[in-house]
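Chain residues, written in single-letter form:
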Amino acid sequence: MHIEPGYIASAKILAANAVALGVVGSQAKRIVQQPQLILKSLIAGVFFTLFMQSFHMPVGPSELHFLGAMAIYLSLGFTPTLLGFGLGLLLQGLVFEPADLLHLGVNFLSLALPLMLVHKLQGDAAGKLPSVAAILKRDAVFYSGVTAMVGFWLSIGEVATPFSAWAAFTASYIPVVMAEPLLTLAVLHLVHKGRDLAAVRYCFTARAV
């Protein structure tokens, strides 16, 4: 889901950064009302970075990552996952891939907008144990959105990108969509199993907005 440097003009990057700041800012009221979400967001950011670093490879004009998005979303909630995406991308840029900092806002929107769509269509299920079918449905919506966002950035980019290159990138996410539900179920079962521990209840199982 990363857009490589050189694809997007500086003015469009600035516009994307402004939109990204607006999306992050939209959660400020919830953070003030529920300081617990700060800790949840930090946890989400760390896990998201670890998932991204666990597997990533260049595919055409972008990069294939293992994201663990639904595991984070269903165990921590919407706001921590949204902010965790930004924190995770920032941490990855600072520690592992400094070149990615240029497109921090672009890459954040590629994840944040699909997550917002999932949350709008499917609702918040934090703390619950959804079926495999329900997880697959959420993954399908999320990754369709991610690949569509990559297609959007490429369509307004400064470098001509063949449709076949974007299609190859899109197809590369099919194994991820099939594998991630196993991780999601494992994480949710671990959280459910540890629900009697105060730390687990505070960080994971309380319903988040």
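Up top is the structure.
Residues numbered from 1 in each chain as written. Predicted model: local features only at pLDDT ≥ 70, side-chain atom pairs only at ≥ 80, totals over all residues. Heavy atoms only, no water.

**Points about the layout of surface pockets**
Line of reasoning, step 1. Reported here for the largest pocket is a volume of approximately 240 Å³.
Line of reasoning, step 2. As for the largest pocket, its lining consists of Asn17, Ala20, Leu21, Val24, Leu82, Leu83, Gly86, Leu87, Leu90, Leu104, Gly105 and Phe108.
Line of reasoning, step 3. Mapped by element, the contributors of at least two residues to the lining of the largest pocket are α1 (10–25), α5 (78–95) and α6 (104–122).
Line of reasoning, step 4. By residue number, the principal contributor to the lining of the largest pocket is α5, which donates five residues.
Line of reasoning, step 5. Looking at the lining of the largest pocket residue by residue, the class counts come to nine nonpolar, three polar and no charged. (1 Å grid on protein atoms, 1.4 Å probe; cavity = no way out; pocket = protein on both sides within 12 Å on 5 of 7 lines; lining within 4 Å. Points joined across faces, edges and corners; volume = space filled by probe spheres on them. Helix = DSSP H or I, 4+ residues; strand = E, 2+ residues; numbered from the N terminus. Nonpolar A, V, L, I, M, F, W, Y, C, P; charged D, E, K, R; others polar.)

**Regarding the pattern of salt bridges**
Should the charged atoms of two oppositely charged side chains come close, the side chains can pair.
Line of reasoning, step 1. Counted by the stated rule, this structure contains one salt bridge.
Line of reasoning, step 2. Residue glutamate 158 pairs with lysine 12 through a salt bridge whose shortest N-O separation is 3.3 Å. A residue pair is termed long-range when its members are at least 10 positions apart, and glutamate 158 in the loop between α7 (132–155) and α8 (163–172) and lysine 12 in helix α1 qualify at 146 residues.
Line of reasoning, step 3. Overall, the relative accessible area of 31% leaves lysine 12 in the partly exposed class. (Salt bridge = Lys/Arg side-chain N within 4 Å of Asp/Glu carboxyl O. Buried < 20%, exposed > 50% of the residue type's maximum accessible area, 1.4 Å probe, protein only.)

Taken by themselves, the reported measurements are silent on function.
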